[in-house]
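Residues per chain, in single letters:
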Amino acid sequence: MNKSEYIEEEWLFEIKPKNKFFSLNLKEVWRYRDLLLLFVKRDIVTVYKQTILGPLWYLIQPLFTAITFTIIFNNVAGIETGKVPSFLFNLAGIIVWNYFTSCLNETSDTFKKNAAIFGKVYFPRVIMPMSIVITNLVKLGIQLLIFIGFYMYYMTQGMQNTLSKTIFLFPFLVIIMGFLGLGFGMIISSLVTKYRDLTFLVSFGVQLLMYVSAVMYPMSLIKEKLPQFGWLIEYNPLAYVVETSRYILLNEGSLSVNGLVYTLVFTIVIFLFGLIMFNQTEKKFIDTV
């Protein structure tokens with residue numbers, strides 16, 4: 001046996017470039033699950049490690065935003081929220097919206113933020129944005145506890161139970177929001193490696209997007225008051241998620257099956273497209289970041 005045959009026989013693994021146009025490789029992600037959990041723990045512990053209030057910031061932001069929306073949009077602008085207290089109406093929409101924006105904003109600069117570690121150690125790169133989506137579930141859980149607390153308070157003040165029988169759909173909506181934020185985040189992260197200006201446009205664009213996503217008003221209001229702009233809501237999948245969430249939690253708004261199907265299809269397309277771009281950028285981003 002010559003030397004080359006011996007080496008070929010002894011090798012257990014062969015390292016070669018990935019040529020697949022589309023690859024999620026769940027088997028490899030599962031193999032690195034400990035690293036995924038480590039990133040999740042890191043994100044939870046270190047973000048507010050040297051802050052005074054720590055995880056309380058998770059609660060302060062939605063509370064102050066809900067109060068601001070209640071004063072401006074309900075008390076000043078006179079937007080009605082039915083039988084549900086305006087504060088609770090706004091809080092429900094803000095909590096769901098915050099999960100999407102957190103997933104989008106924090107994954108949109110994955111390559112740029114982690115260029116140092118990506119250039120030194122190999123692991124499935126998709127683990128990094130996945131860890132962000134999972135980490136934000138913890139934030140969402142904390143904010144939901146605040147919503148439950150205020151919900152119980154208003155019930156003691158005479159508000160009737162508004163939970164819909166479709167409450168089982170709420171985790172499904174959270175999953176949609178997570179994958180939609182992940183998909184858009186991977187697309188933007190892939191583009192940011194070449195076009196740095198997108199980083200500034202994302203935060204500005206997300207703020208504008210909130211106003212056409214029915215976060216602080218029911219979808220029916222725009223169709224009634226501004227029918228010429230109704231298409232902005234009807235073709236916005238985020239609006240259906242926010243509206244459905246409020247319908248499930250507060251029995252306000254509407255439940256559109258067609259809207260949810262459209263949102264699901266839209267989410268799958270965006271996620272797969274984002275994954276393709278992420279996989280392609282992964283091969284050569286180190287040369288441009």
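Residues numbered from 1 in each chain as written. Predicted model: local features only at pLDDT ≥ 70, side-chain atom pairs only at ≥ 80, totals over all residues. Heavy atoms only, no water.

Q: Explanation requested: the overall build of the protein in the structure shown.
A: Check the secondary structure of the protein and you find 14 helices and 0 strands. Written out in order from the N terminus, the α and β elements of the protein read α-α-α-α-α-α-α-α-α-α-α-α-α-α. Counting across all 289 residues of the protein, residues that qualify as buried make up 45%. Surface exposure of the protein reaches about 16600 Å², of which carbon and sulfur atoms provide 66%. (Helix = DSSP H or I, 4+ residues; strand = E, 2+ residues; numbered from the N terminus. Buried < 20%, exposed > 50% of the residue type's maximum accessible area, 1.4 Å probe, protein only. Areas by Shrake-Rupley, 256 points an atom, 1.4 Å probe, with all protein chains shown as cover.)

Q: What exactly am I supposed to notice about the pattern of salt bridges here?
A: A side chain of one charge can pair with a side chain of the opposite charge if their charged atoms are brought near each other. With the rule as written, the count across this model stands at 2 salt bridges. One salt bridge in this structure joins Lys 139 and Glu 106, with 3.0 Å as the shortest N-O distance. Highlighted residues: Lys 139 in helix 8 (residues 127-156) and Glu 106 in helix 5 (residues 86-107), separated in sequence by 33 residues. A relative accessible area of 13% means that Lys 139 is categorised as buried. Glu 106 gets classed as partly exposed once you look at its relative accessible area, which sits at 25%. A salt bridge links Glu 243 to Arg 246; the shortest N-O distance between them is 3.5 Å. Of this pair, Glu 243 and Arg 246 both sit in helix 13 (residues 237-250), 3 residues apart, which is roughly one turn of that helix. (Salt bridge = Lys/Arg side-chain N within 4 Å of Asp/Glu carboxyl O.)

Q: Is there a simple way to think about the packing of aromatic side chains in this case?
A: Here a ring pair, both rings aromatic, is described through the centre-centre distance and the interplanar angle of the planes. This structure, assessed with the given rule, holds 9 aromatic pairs. Both rings, one in Phe 179 and one in Phe 271, keep their centres 5.0 Å apart while their planes meet at 85 degrees; by these two values the pair is edge-to-face. Of this pair, Phe 179 sits in helix 9 (residues 170-192) while Phe 271 sits in helix 14 (residues 257-282), placing them 92 residues apart in sequence. Taking relative accessible area as the criterion, Phe 179 reaches 37% and is therefore assigned partly exposed. (Phe/Tyr/Trp six-rings, centres within 6.5 Å; stacked < 30°, edge-to-face > 60°.)

Q: What exactly am I supposed to notice about unusual backbone geometry here?
A: Residues apart from glycine generally show negative phi values, whereas peptide bonds are mostly found in trans. Here the phi dihedral of Ala 214 falls at roughly 60 degrees; this positive angle occurs in a residue that is not glycine. Checked against the element boundaries, Ala 214 lands in the loop between helix 10 (198-211) and helix 11 (219-225). Positive phi, normally seen in glycine, also occurs at Asn 251, with a value near 55 degrees. By the secondary structure assignment, Asn 251 is in the loop between helix 13 and helix 14.

Q: Can you walk me through the environment of Ile 222 in this structure?
A: Note on placement: Ile 222 falls in helix 11. Here the alpha-carbon distance between Ile 222 and Leu 232, two residues 10 residues apart in the chain, equals 9.3 Å.

Q: Where do I start with the confidence of the model for the protein in this structure?
A: Should pLDDT be low for a region, the predicted coordinates there are not to be read in detail. With 86% of its residues at a pLDDT of at least 70, the protein reaches an overall mean of 82. Within the protein, the lowest mean pLDDT, 51, falls on helix 1 (residues 3-10), and the highest, 92, falls on helix 13. (pLDDT = per-residue confidence, 0-100.)

Q: Would you mind showing me how to read the nonpolar core here?
A: In globular proteins that are soluble, nonpolar side chains generally tend to be buried together. Leu 88, Phe 147, Met 177, Val 215 and Leu 250 are the most contacted members of the largest nonpolar core, which has 69 residues in total. Per-element tally for this core: the top contributor is helix 5, with 13 residues. Those residues in contact with Leu 88, other than ones at most four positions away along the chain, are Phe 147, Phe 150, Tyr 151, Tyr 154, Met 159 and Leu 250. (Core = buried A, V, L, I, M, F, W, Y, C linked by side-chain atoms within 4.5 Å. Contact = heavy atoms within 4.5 Å.)

Q: Would you take a moment to explain helix 4 (residues 57-76) for this structure?
A: In an α-helix, one full turn covers 3.6 residues, which means residues spaced three or four apart are oriented alike. Between the first and last C-alpha of helix 4 there are 27 Å, a value that for 20 residues agrees with the 28 Å anticipated at 1.5 Å per step. Residue Thr 70 marks the point of greatest curvature in helix 4, where the axis turns by about 25 degrees. Residues of helix 4 that are buried include every one of Tyr 58, Leu 59, Pro 62, Ala 66, Phe 69, Thr 70, Phe 73 and Asn 74, and no others. Within two residues after helix 4, Gly 78 carries a phi angle of roughly 80 degrees, on the positive side. (Expected span 1.5 Å × (residues − 1). Bend = angle between axes of the 7 residues up to and from the residue.)

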